[in-house]
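A structural walkthrough
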Amino acid sequence: MIFEPQRHKEPTMLPLRSFFTREDGAPKSTEIIDQVQRCRRLYNAIQHPRGQPNRNTCWTEIEKAFLADYEFSSVSKLRTMPALRQFVGYVLSRLEDAFAHPGPLQDGIWCEALVFSFERAQQDAEFWIKLLRTTLCNRPLGYESVQFILSSPEYAVPGADCENELSGLYRDFVLDNLRKRYPKANAVLQQRLADARVARWRMLHWHKRNMSTDGEPIALSSYRPEGFWPQPPALPAGAKEVLCPYCADAIPVAICEPERWKAHVLYDFHPYICMHEECNADAAFASTEDWNYHMCCHAWEDEEEACPLCKMDLPPGSARHLTEHLEEEIMSIQPHSHCPGKED
Ligand SMILES: [Zn+2]
Ligand SMILES: [Zn+2]
Ligand SMILES: [Zn+2]
């Protein structure tokens, strides 16, 4: 009888966001790094039959991107997109299974019976690596979609009685404030800014719920009362890493130096949102350069125009005026208070 292998089927996968409510909890960046390191060890231990090409060499590039210094690593880019990070964790766990499959060599001797299943596991690994690569390279956004954060029950913020959800109250409060401060601004922009702020507030609460070590939530008490800029966490003596209160990642303490900290929290908040009334790109950026590039698509900037928020007349090249508004509106969120009215 001729043994005829079944045609290899691609492993099935669930849609990205269905991972977000899995019961086993959301993986942290450090857990993703552990997974990558386990995959790395397994990959290096795979014994390929002599003369057979290793079909999964591009894994090493992905592994390098994950294990790079924190600021440049793939894993740090996932901190603003927890659902995507959860998906990456899932893909890595499937890859780990595939890499853990025994090779066709037993005690250095070629074992025909094991070849087929080994080959299948290698094909599975190839699929998961490709998926991981596409997921990381084609990330459409730098920050999770505002609509997703606002509508996903995963990000709900329960009140002190654990029953009422606070986001509606908080949004009313934020919008009311924005209307008072920018009474002449277009209602679409007032609402967009309110939504962006509420989304980050929900995300901060989510991180806070998920970053406990030994069940103890990290206190967000390091805000300077006189300024809105989020301050770095206190550094325990001799520590090499510290938990960031805004993204819950374990970050090297060197990132708490002023310039690097600024870049870090700008990424955590992605405060620069599009200020063009007709834009529906859900655009949010961590740098003024990226924001400028986006705003130029709307032919905004070079003409003399009034500020879309405070309506002050601005000479050409006054982008900084607007980015300062955005920093102040979005980065001054203080999630440690549960009571919307007392938040500011
Ligand atoms: Zn952070
Ligand atoms: Zn836009
Ligand atoms: Zn203004």
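Conventions we followed
- In this convention, every chain numbers its residues from 1, walking through the sequence in written order.
- Lettering for chains starts from A, numbering for ligands starts from 1, and both go in the order in which the items are written.
- Predicted model: local features are reported for residues with pLDDT of at least 70 only, side-chain atom pairs are reported and counted for 80 or more only, and whole-chain, interface and lining totals are derived from all residues.
- Helix and strand definitions follow DSSP, with helices as H or I runs of at least four residues and strands as E runs of at least two, each counted in order from the N terminus.
- By the convention adopted here, residues are in contact when the distance between their C-beta atoms, placed from the backbone, does not exceed 7 Å.
- In plain words, the nonpolar core is the set of buried Ala, Val, Leu, Ile, Met, Phe, Trp, Tyr and Cys residues that C-beta atoms within 7 Å link up.
- The exposure label follows from counting other C-beta atoms within 10 Å of a residue's C-beta, where the C-beta atoms are placed from the backbone and the thresholds are 20 or more for buried and 12 or fewer for exposed, leaving partly exposed in between.
- To estimate the expected span of a helix, count its residues, drop one, and scale the result by 1.5 Å.
- Taking the helix axis as origin, the arc is that swept by the directions to the C-beta atoms.
- Comment: axis = line fitted to C-alpha atoms, over the contacting stretch for helices; angle = value between 0 and 180 degrees taken between N-to-C directions.
- In what follows, roughly perpendicular refers to angles from 65 to 115 degrees, roughly parallel to angles under 35, roughly antiparallel to angles over 145, and oblique to any angle outside these ranges.
- Rotating anticlockwise by less than a right angle from the far helix to the near helix defines a left-handed crossing, while the corresponding clockwise rotation defines a right-handed one.
- Put simply, Ala, Val, Leu, Ile, Met, Phe, Trp, Tyr, Cys and Pro go in the nonpolar bin, Asp, Glu, Lys and Arg in the charged bin, and everything else, Gly too, in the polar bin.
- The predictor attaches a confidence to each residue, called pLDDT, with possible values from 0 through 100.

Helix and strand content of the chain: 10 helices and eight strands. Partitioning the contacts of the chain with sequence separation of at least 6, the portion at a separation of at least 24 is 64%.

Generally speaking, nonpolar side chains in soluble globular proteins are found buried as a group. In terms of nonpolar packing, the biggest core is built from 41 residues, with Ala196, Ile273 and Ala284 touching the most fellow members. Among the elements of the structure, α5 (146-151), α6 (167-181), α7 (187-210), α8 (258-269), β5 (272-273), β6 (284-285), α9 (288-297) and α10 (319-331) are those that each provide at least two residues to this core. In terms of residue count, the dominant contributor to this core is α7 (nine residues). Excluding residues that lie within four positions of it along the chain, alanine 284 makes contacts with Gly142, Tyr143, Ala196, His270, Tyr272 and Ile273. Membership of the second largest hydrophobic core comes to 24 residues, among which are Ile62, Tyr90, Val91 and Ala125.

Time to look at the environment of isoleucine 32. Relative to the helices and strands, isoleucine 32 resides in helix α1 (residues 29-45). Look past the residues within four positions of isoleucine 32 in its chain and what remains in contact with it is Pro27, Val75, Arg85, Val88, Gly89 and Leu92.

Here the focus is unusual backbone geometry. You will see that alanine 248, though not glycine, has its phi angle at about 70 degrees, which is positive. Of the residues examined, alanine 248 has 23 C-beta atoms within 10 Å and is grouped as buried. In this structure, lysine 311 takes a positive phi of about 70 degrees despite not being glycine. In this structure, lysine 311 sits in the loop between β7 (305-306) and β8 (313-314). For lysine 311, a count of 12 C-beta atoms within 10 Å translates into the label exposed.

A separate point is α1. If you check α1, its first and last C-alpha atoms are 25 Å apart, about what 17 residues at 1.5 Å a residue would give, namely 24 Å. Restricting attention to buried positions, one finds in α1 the residues Ser29, Ile32, Gln35, Val36, Cys39 and Tyr43. Buried residues of α1, seen end-on, are gathered within an arc of 115 degrees and therefore sit on one face of the element. Every exposed residue of α1 that faces more than 90 degrees away from the buried side is listed here: Arg41, Asn44 and Ala45. On the buried face of α1, the contacting elements are α2 (59-67), α3 (82-99) and β4 (250-252).

Across the interface, α3 lies against helix α4 (residues 112-137) with an axial gap of 8 Å and an inter-helix angle of 160 degrees. When the axes of α3 and α4 are compared, the pair comes out roughly antiparallel. As for how α3 packs across α4, the hand of that crossing is left-handed. Contact residues: α3 offers Phe87, Val88, Val91, Arg94, Leu95, Ala98 and Phe99, while α4 offers Ala121, Asp124, Ala125, Trp128, Ile129, Leu131, Leu132 and Thr135.

On to the packing of α1 against α2. Interhelical geometry of α1 versus α2 gives an angle of 145 degrees and a closest axis separation of 10 Å. Handedness of the crossing formed by α1 with α2: left-handed. Where α1 abuts α2, its residues Ile33, Val36, Arg40 and Tyr43 lie against Trp59, Glu63, Phe66 and Leu67. Looking at the contact of α1 with α2 residue by residue, the class counts come to six nonpolar, no polar and two charged.

What follows deals with the environment of leucine 84. Topologically, leucine 84 is positioned in helix α3. Expressed as a C-alpha distance, the spacing of leucine 84 and leucine 136, which sit 52 residues apart in the sequence, is 9.1 Å.

So, on to the confidence of the model for the chain. Summarising the model, the chain shows a mean pLDDT of 83, and 82% of its residues fall at 70 or more. Between residues 214-226, whose pLDDT stays under 50, and residues either more than four places distant or in other chains, the model counts 17 contacts. Segment residues 337-344: pLDDT under 50, and 11 contacts once partners within four positions in sequence are set aside and those in other chains are kept.

Bringing the environment of glutamate 328 into the picture now. Tracing the sequence through the fold places glutamate 328 in helix α10. Its 13 C-beta neighbours within 10 Å are what place glutamate 328 among the partly exposed residues. For the pair formed by glutamate 328 and phenylalanine 228, sequence separation is 100 residues and the distance between their alpha carbons is 6.6 Å.

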